[in-house]
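Analysis of the macromolecular model
Chain by chain, the residues:
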Amino acid sequence: MTTVLIADDQPLQRFGFRMLLESQDDITVLGEASNGSEAIRMTAELHPDVALMDIRMPGHDGIEATRRIVSAGDRTRVLILTTFDLDEYAHAGLRAGASGFLVKDAQPEELLSGIRSVATGDAVVAPSLTRRLLDAYAHHLPTGGHTTDSSPDDPRLSALTEREREILTVIGKGWTNTEIATRLHLAESTVKTHVGHILAKTGSRDRVQAVILAYDTKLVEPS
């Protein structure tokens, strides 16, 4: 059973999300928050699998709420909701530790699939879309405290083998596991193992965070 907290300042939006989620046998809504502060508090109390987080809310916005939830080390994963699919704030949300984002007018099946994917540790943004969005808004992204002269010698990459570094680079370029397997002549199961090692060694929560790391360390440059 996947448990969800809905964080949105619009009552009708929350109602609509709740109706959709509660129509599913495998999803339970634990509560609703109308602002970021409530989302932080309720996440700490209820420990949902997924926090469905709107970006623009009064008080602490969804980005700050995401940052605090993730930094607290709670098991909750955050799925950002945004009005526009190229909303630069969604990128700040990913930087803050969100496991992906969806537009608010996504089809119901897409939203449900996204919640289930995030709950199991996957990211909901396709790698190719992630790269396109990061490329489009790279100049808007905060540095996150990293220096601007990061390089492939960045200490965050020091634990990676040469093959893992190669795979992290192509993950950042938007390659799927199938594409990596085909182009690098590897079994797809081997690629999945490498990806798992990369996430563990770099402390990346999911594939989206690995893409951001590839950009941060300049393994991949915005086009």
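Residues numbered from 1 in each chain as written. Predicted model: local features only at pLDDT ≥ 70, side-chain atom pairs only at ≥ 80, totals over all residues. Heavy atoms only, no water.

Observations regarding the overall build of the protein chain
- Helix and strand counts for the protein chain come out as ten helices and five strands.
- Within the protein chain, the fraction of its 223 residues that count as buried is 50%.
- Once local pairs closer than 6 in sequence are excluded, the contacts in the protein chain between residues at least 24 apart make up 68%.
- Element-wise, carbon and sulfur atoms account for 52% of the exposed surface of the protein chain, whose accessible area totals about 10400 Å². (Helix = DSSP H or I, 4+ residues; strand = E, 2+ residues; numbered from the N terminus. Buried < 20%, exposed > 50% of the residue type's maximum accessible area, 1.4 Å probe, protein only. Contact = heavy atoms within 4.5 Å. Areas by Shrake-Rupley, 256 points an atom, 1.4 Å probe, with all protein chains shown as cover.)

Notes on the packing of aromatic side chains
- Applying the stated criterion to the full structure yields zero aromatic pairs.
- The ring of Trp175 has Arg183 sitting right over it, with the charged end atom 4.3 Å from the ring centre. (Phe/Tyr/Trp six-rings, centres within 6.5 Å; stacked < 30°, edge-to-face > 60°. Lys NZ or Arg CZ within 6 Å of the ring centre and 35° of its normal.)

What to know about the pairing of strand E2 (residues 27–33)
- By the bridge criterion, six bridges tie strand E1 (residues 2–7) to E2 in an arrangement that is parallel. Across the sheet, the residue bridging to Thr2 is Ile27, located in E2.
- Note on the crossover from E1 through helix H1 (residues 11–22) to E2: the handedness is right-handed. (Pairing = 2+ DSSP bridges. Right-handed = clockwise from strand over helix to strand, strands pointing away.)

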